[in-house]
Amino acid sequence: NYNLIGNPYPSAINALKFISDNSTVIEGNVKLWTHGTDPAANGGTITNPFYGTFANNYSADDYITLNHSGPSKAGYSLNIKSGQGFFVEMLDGAQGSGSVTFNNTQRRDNLGIPYANDAFYKNSNQQNTNLDDLERHRIWLDIKNAANTSEVTLVGYIEGATINKESSYDAIASTLTMGIYSFINGESFVIQGRGLPFDDNDQVSIGFNVPTAGTYSIGINTADGLFLGNQDIYLKDELLNIYHDLKTVPYSFTATAGIHDNRFKLVYKNTVLSTQTFNENEIQIAKNNNIIEIVSGNEIMDKVKVYDVRGRLIIEKSKINNNTISIDMV
C-alpha cells in the first residue's frame with residue numbers, strides 16, 4: 001500500500017501536521033530517502049538484485065521514518081522540503097483509491113511563521129513548534145558491525161502515546177539486512193512511542209537481525225529529555241543474564257547470522273547491583289569457532305590475558321572498560 005508523493009509547495013511543510021491532517025487516509029508516518037549509503041557502482045558493496053544487473057545499486061535501508069514520536073534516526077529535521085518526494089502507506093480497506101490533502105497550514109508554525117526551506121532533506125538540528133511541542137523522552141539505539149556500519153531504532157516516552165500500537169507514534173520495522181527494533185505484542189517496530197509518566201520499572205524487548213556471524217555492538221546513538229540526566233539505561237542480555245550500563249560504553253557481543261528476537265531488553269534498573277563482592281565463579285567463557293567471549297558478571301574488566309595449556313601467553317587485551325569482550329583468535 002505504499003505510494004510515492006511529494007511536497008507540491010515552493011516552501012517546506014511540517015511532516016507531523018501533514019500526517020495529522022491525513023490520519024483517516026494513511027498510516028501515521030512518512031518515509032524519506034536519506035542517501036546515506038554509497039550506491040557503489042559496478043561490483044561495489046551493494047550487490048545486484050536476483051534479476052538484472054545495474055550500474056548503480058542503492059540500499060533500501062536508506063529510508064528514514066518520521067512520526068509523532070520523532071525520526072527513526074536522530075538529528076533529522078521534521079520538515080519536508082520543497083519538491084521532496086516521500087512515501088506514505090495507504091490504510092488497509094476495501095479496494096479503491098484515496099486522496100491526501102496538502103494545505104497552507106502545513107507550511108507554517110502556530111505563530112504563522114513559514115518553515116525554513118534552506119536545505120534538502122539532510123541532517124538538521126532544526127525543530128518545529130506546534131505538534132513538535134509534545135513532551136518527549138527518547139533513546140535512539142545503534143547496532144554496529146565490525147566495519148562500523150550501523151542501523152538505528154527509536155524508543156520514546158511521548159505525550160499522548162500508550163503502550164499499545166498507535167499509527168501516529170509507532171512505525172513498523174522493515175529492515176532488509178542488518179537492523180534493530182523493539183516489540184509491541186510480538187510485532188517489530190523501528191519507532192515505538194510509549195506513554196507518560198515514565199516508570200523506571202518499564203522493560204522493552206529489543207530484537208536484531210544480522211546478515212553474517214561475527215562481533216556486533218549495541219549502544220546509545222542519541223538521547224534526550226530525562227535520559228540526558230541521571231536516569232540509568234541498561235541493556236539486559238537474557239542469554240548471559242547480565243546488565244550492561246549503556247551510558248558507559250556500548251555493549252559488544254557475538255551473534256550468528258539471522259534474526260534474534262529474545263536476547264535483549266532495554267531496562268532502567270539493574271536488579272543485581274546489590275552484589276558488590278567479586279566472585280570468580282561469575283566469570284563466563286564461551287568459544288564459538290575462533291571467537292572467545294568472556295563475561296565478568298557485573299565487574300568491569302581492565303585487562304585480559306589468554307594462555308595456552310603450556311602456560312604461554314597467546315594474546316593480551318588492555319583498556320577494555322567493559323564487562324564483556326570478544327576475542328578473535330585467528
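Reading the values: the criteria
- Throughout, residues of each chain are indexed from 1 in the direction in which the sequence is written.
- This being a predicted model, a pLDDT of at least 70 is required before a residue's local features are given, and a value of 80 or more before pairs of side-chain atoms are given or counted; all residues contribute to the totals for chains, interfaces and linings.
- Heavy atoms throughout the structure, all of them, feed into the side-chain values; hydrogens and water do not.
- The numbering of helices and of strands both runs from the N terminus, where a helix is a DSSP run of H or I of at least 4 residues and a strand a run of E of at least 2.
- Residue burial is assigned from relative accessible area. The probe radius is 1.4 Å, only protein chains are included, and a residue is buried under 20% of its type maximum, exposed over 50%, and partly exposed in between.
- Polar contacts, as used here, are pairs of N or O atoms within 3.5 Å; protein pairs need one atom able to donate a hydrogen and one able to accept it. Residues neighboring in sequence count only if both atoms are side-chain atoms.
- Whenever a carboxyl oxygen of Asp or Glu lies within 4 Å of a side-chain nitrogen of Lys or Arg, that contact is scored as a salt bridge.
- Note on pairing: DSSP must find at least two bridges between two strands before they are called paired.
- All axes are obtained by fitting lines to C-alpha atoms, using only the stretch in contact for helices, and the reported angles, taken between N-to-C directions, cover 0 to 180 degrees.

(A) Structural detail: the side chain of Arg-136. Mapping Arg-136 onto the fold places it in strand β8 (residues 136-144). Since its relative accessible area comes to 9%, Arg-136 is described here as buried. A polar contact of 2.6 Å, which involves the side chain of Arg-136, links it to the backbone oxygen of His-68.

(B) Spotlight on the pattern of salt bridges. Per the counting criterion, the structure on display carries nine salt bridges. Asp-202 serves as the salt-bridge partner of Arg-194, at 2.8 Å between the closest nitrogen and oxygen. The residues Arg-194 and Asp-202 share a single accessibility class, namely buried. Overlapping salt bridges, with partners in common, bring together Lys-236, Glu-238 and Lys-265 in one network.

(C) Spotlight on the sheet that holds strand β23 (residues 324-328). Strand order in the open sheet formed by three strands is β19-β20-β23, with antiparallel pairing between adjacent strands. Because the sheet does not close on itself, it has two edges, and the strands there are β19 (284-288) and β23. Between one strand axis and the next, the sheet turns through 15° on average, direction left out of account. Pairing between strand β20 (residues 291-295) and β23: five bridges, direction antiparallel. Each residue of the ladder has a partner; that of Ile-291, found in β23, is Asp-328.

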